[in-house]
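Listed here are the chains, written in short residue letters.
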Amino acid sequence: MRKHMAFFRLIAKSVLPVFAACLVVMTAVEVFLFWHTAGRMDFEKRMMTDLIDERHISFVFIVAVFALYLLLCLSRDSFAGRQDYTLRRLTLRGRSIFFWQFLFSVFCYFILWAVQAWVAFFLCRWFLHETDAAWINGQTLMLTFYQNEFLHHTIPLSDTMGWFREIMIFLSIAFSAAVIRYNIMMRRNHRGKEETPCENI
């Protein structure tokens, strides 16, 4: 099990620092876009769903999803030098390498979704806090997540098929990233003078 954890740490070391920076940038951009518009308007004359749509916060999230995909597929020199030597010593099978890459991709996309869900919930709560109580009620937050397409896709609430759809989308993206990364590693192995003792899937 130790060699599997060592390989997982190798992947994390090459991706997590940049991924953390991407999360910070995504959060900052979304909060700024929302705050920039909200600060110039009369809250009572606009709906929360209008703010989300007008500021294209969904586009920021899509860019983050694509950026993470590229990072997982093409992280620069992830196994070069000392890390490549360490990988050769681990003697992992191809199936194990692919499994851990896929698991790490799923982990990253789960973190990305969790951060996005937290940001969306935070912005909604802030909007409701700044809005006159006469314009809101106990159902306002829930109705907002049902009425806005982006918010509903982020947190489908009681929509079982919505949860299934979103989970399958992220699993498919994570699987695709793992396949591409695995193939890149295998091609580099075959080109090198000393092959990593891995078996193809």
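Remember, it's a predicted structure, so these values are computed and weren't measured experimentally.

About the criteria used
Residues numbered from 1 in each chain as written. Predicted model: local features only at pLDDT ≥ 70, side-chain atom pairs only at ≥ 80, totals over all residues. Heavy atoms only, no water. Helix = DSSP H or I, 4+ residues; strand = E, 2+ residues; numbered from the N terminus. Buried < 20%, exposed > 50% of the residue type's maximum accessible area, 1.4 Å probe, protein only. Phe/Tyr/Trp six-rings, centres within 6.5 Å; stacked < 30°, edge-to-face > 60°.

Caption draft 1: Molecular detail of the environment of Q101. Structurally, the position occupied by Q101 is in helix 5 (residues 94-130). A residue is classified by how much of its surface remains accessible, and Q101, at 4% relative accessible area, is buried. Measuring from C-alpha to C-alpha, the distance between Q101 and F175 comes to 8.7 Å, with 74 residues separating the pair along the chain.

Caption draft 2: Seen up close, the packing of aromatic side chains. Tallied over the full model, the rule gives ten aromatic pairs. Ring geometry for F98 against Y182: centres 6.1 Å apart, planes inclined by 90 degrees, an arrangement best described as edge-to-face. Of this pair, F98 sits in helix 5 while Y182 sits in helix 8 (residues 160-191), and the two are 84 residues apart along the sequence. Look at F98 and you get buried, because its relative accessible area is 13%. Between F104 and F107, the ring centres sit 6.3 Å apart and the planes meet at 35 degrees, which makes this aromatic pair tilted. In this pair, F104 and F107 both sit in helix 5, three residues apart, roughly one turn of the helix. Residue classification places F104 among the buried residues on the basis of a relative accessible area of 1%. Linked through ring pairs, F98, F102, F175 and Y182 together constitute an aromatic cluster.

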